[in-house]
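Close look at the chain arrangement
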Amino acid sequence: MKAYSKEDFTLAEEYVAVAIGMDQLFRRSSDDGEESFRKEGLLPIQLTDVEGKNFDNWKEVIDHLEKLEREYSFMHRSFRKTYMLQQINSVKKIAQWQNGKAMGFPEKVHQFLKVNENPISEEEMEADRHQLDALLTEKGIQENSLSERVQEWESLFQVKNIKEVGDHYLQKAKNQLLEFGFHELEHVSVEFEVVHDVPFNAYCDYLGKKIYINGDLSYTSFQLQHLAVHESFPGHTTHMTIREKLLKEERIPLDAGLVFTNTASSPIFEGIGDNGIRLLGWHKTLDERIFLLLQQIRSKTALNAAYYYHVQNMEKDKVIDYLMYYGFGNKNWASSRFRFISHYFRGPFIYSYWRGQEAVSDMMDQLEPEKYVEFYRFLLENMLCVQSVRYFV
């Protein structure tokens, strides 16, 4: 992992106090109708003992963040400076928005997440569909429409006992990471729990050691494998286990104890999970390749659906139709995705999945597979944004 200076730790403690106070102010002023999002606030995970600053208004928050920005701008170490300036600026943009500054959807995506705010081009979407067509043909599924052929392929791997199969993949992924030397996970235990009427496919409850999975949706074994990897091994559970250990050992600045929703740290947080399949080597067979392409298509489709809804004012029914057609999903899946992307605050977050997947994958493309474990150590042991991942090379 990267070495940190005394200055890193001092400034991080100040930032954490501001972030916790900001979360408290947000929770007091938020009137969120989506219960699962309301419970999360801005900081769904907070692992420090720092006392938050007491803010009465968003102007006070902005003033503190601007002071921190100035202090970080004088830092000489480019790795930490790059990340913290991006992170603090994104947090400041959220505070400015909460303080009444008008922001369009693309601006929120760009300013909160620090990623490309544009939709995926029709040419790229069509190229993915052509590639999927070719893979299904190679599988021997050649007749009927592409949507019907996807349904036929998924029917081969449909799962009835979600929890049993999901728990199996959690254990399998964990065991492989132990073989890779991630011994921090030896005594970590996580299990799936089926929930209903939620705006997500799955959710990692790190403190509760649960993966909540949407029981209103159907799943293939590949989807459950992906969720086990993304949410836990080497995804969110692994990420937070390692960060918590480093915090206790005082080897990483205190901001590692926070998960701050919808900020510059979010895309890499999600990209670690989405590329975990590649780390584990579960991306090589024909069926694995079909699933991963489907997963990428669905991620891109959700991103575009958010853009069309918020920017082009596409009506709800048409957005759901778009999700079903281009994402090869049923009505339940499309409706669940719509609850997420239409949310006033969480809507931009949908970009974190594909843009984060892209950022991590692009770096892995530059590496030999023998370097993947070392690269994942770097990802899991440092706070990162899209712009600072390049410091691995």
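Below, the structure is looked at part by part.

**Let's talk about the pairing of strand S4 (residues 202–205)**
- Where burial is concerned, the two faces of S4 differ: the one with Ala-202 and Cys-204 is buried and the one with Tyr-203 and Asp-205 is not.
- Sheet analysis places S4 next to strand S5 (residues 210–214), joined by 4 bridges and oriented antiparallel. Paired with Asp-205 across the bridge in S5 is Lys-210.
- Linking S4 to S5, which pair antiparallel, is a turn of 4 residues; within it Lys-209 sits at a positive phi near 55 degrees.

**Observations concerning the nonpolar core**
- Of all hydrophobic cores here, the largest spans 136 residues; its most connected members are Tyr-15, Met-22, Leu-132, Phe-375, Tyr-376 and Leu-379.
- Of all the elements, helix H13 (residues 286–310) adds the most residues to this core, at 13 residues.
- Apart from residues lying up to four places away in sequence, Leu-132 is in contact with Leu-146, Val-150, Ile-290, Leu-293, Leu-294, Ile-297 and Phe-328.

**Observations regarding the packing of aromatic side chains**
- Considering all chains together, one arrives at 25 aromatic pairs under this definition.
- On the basis of an interplanar angle of 10 degrees and a centroid distance of 5.7 Å, the ring pair of Trp-97 and Phe-345 is categorised as stacked. Pair noted here: Trp-97 is in helix H4 (residues 78–98) and Phe-345 is in the loop between helix H15 (331–341) and helix H16 (351–365), with a separation of 248 residues, a long-range link. No difference in accessibility class separates Trp-97 from Phe-345, as the two residues are buried.
- Judged by centre distance (6.4 Å) and plane angle (20 degrees), the rings of Phe-375 and Phe-378 are stacked. Taken together, the residues span about one helical turn, with Phe-375 and Phe-378 both in helix H17 (residues 372–381) at a distance of 3 residues.
- For Phe-375, a relative accessible area of 0% translates into the label buried.
- Ring-pair connections join several aromatic residues into one group, and the members of that group are Phe-79, Phe-375, Tyr-376, Phe-378, Tyr-391 and Phe-392.
- One residue, Lys-209, lies across the ring of Tyr-206, its end atom 4.0 Å from the ring centre.

**Considerations on helix H9 (residues 221–231)**
- Across the 11 residues of H9, 11 count as buried, placing the element largely inside the fold.
- The set of residues buried in H9 consists of Ser-221, Phe-222, Gln-223, Leu-224, Gln-225, His-226, Leu-227, Ala-228, Val-229, His-230 and Glu-231.

**Structural notes on empty space enclosed by the protein**
- Applying the stated rule across the entire model yields 1 cavity of 30 Å³ or more.
- Every residue along the wall of the largest cavity is listed here: Tyr-15, Tyr-83, Gln-87, Asp-255, Leu-258, Val-259, Phe-260, Ser-265 and Met-383.
- Listing elements by their share of the lining of the largest cavity, those giving two or more residues are H4 and strand S7 (258–259).
- Here the residues of the lining of the largest cavity are counted per class, giving 6 nonpolar, 2 polar and 1 charged.

**A word on the environment of Phe-9**
- Position of Phe-9 relative to the elements: it lies in helix H1 (residues 6–29).
- In this structure Phe-9 comes out as partly exposed when scored by relative accessible area, which is 26%.
- Residues Phe-9 and Glu-138 lie 129 residues apart in sequence; the distance between their C-alpha atoms is 54 Å.
- Residues within four places of Phe-9 in sequence aside, it is in contact with Tyr-4, Glu-250, Arg-251, Ile-252 and Pro-253.

**A short note on the sheet that holds S5**
- If you walk across this open sheet you meet the 3 strands as S3-S5-S4, and the pairing is mixed. Looking at strand neighbours, the two that pair on one side only are strand S3 (191–195) and S4, the edges of this open sheet. Within the sheet, the average angular offset between the axes of one strand and its neighbour, ignoring direction, is 25 degrees.

**What about the layout of surface pockets?**
- By volume, the second largest pocket amounts to about 460 Å³.
- Taken together, 22 residues form the lining of the second largest pocket, with Leu-292, Leu-293, Gln-296, Gln-357 and Ser-361 sitting closest to its centre.
- Among the elements that line the lining of the second largest pocket, the one with the most residues is H13, at 7 residues.
- Classifying every residue of the lining of the second largest pocket gives 5 nonpolar, 9 polar and 8 charged.

Analysis parameters
Residues numbered from 1 in each chain as written. Predicted model: local features only at pLDDT ≥ 70, side-chain atom pairs only at ≥ 80, totals over all residues. Heavy atoms only, no water. Buried < 20%, exposed > 50% of the residue type's maximum accessible area, 1.4 Å probe, protein only. Helix = DSSP H or I, 4+ residues; strand = E, 2+ residues; numbered from the N terminus. Pairing = 2+ DSSP bridges. Core = buried A, V, L, I, M, F, W, Y, C linked by side-chain atoms within 4.5 Å. Contact = heavy atoms within 4.5 Å. Phe/Tyr/Trp six-rings, centres within 6.5 Å; stacked < 30°, edge-to-face > 60°. Lys NZ or Arg CZ within 6 Å of the ring centre and 35° of its normal. 1 Å grid on protein atoms, 1.4 Å probe; cavity = no way out; pocket = protein on both sides within 12 Å on 5 of 7 lines; lining within 4 Å. Points joined across faces, edges and corners; volume = space filled by probe spheres on them. Nonpolar A, V, L, I, M, F, W, Y, C, P; charged D, E, K, R; others polar. Axes fitted to C-alpha atoms, helices over the stretch in contact; angles between N-to-C directions.

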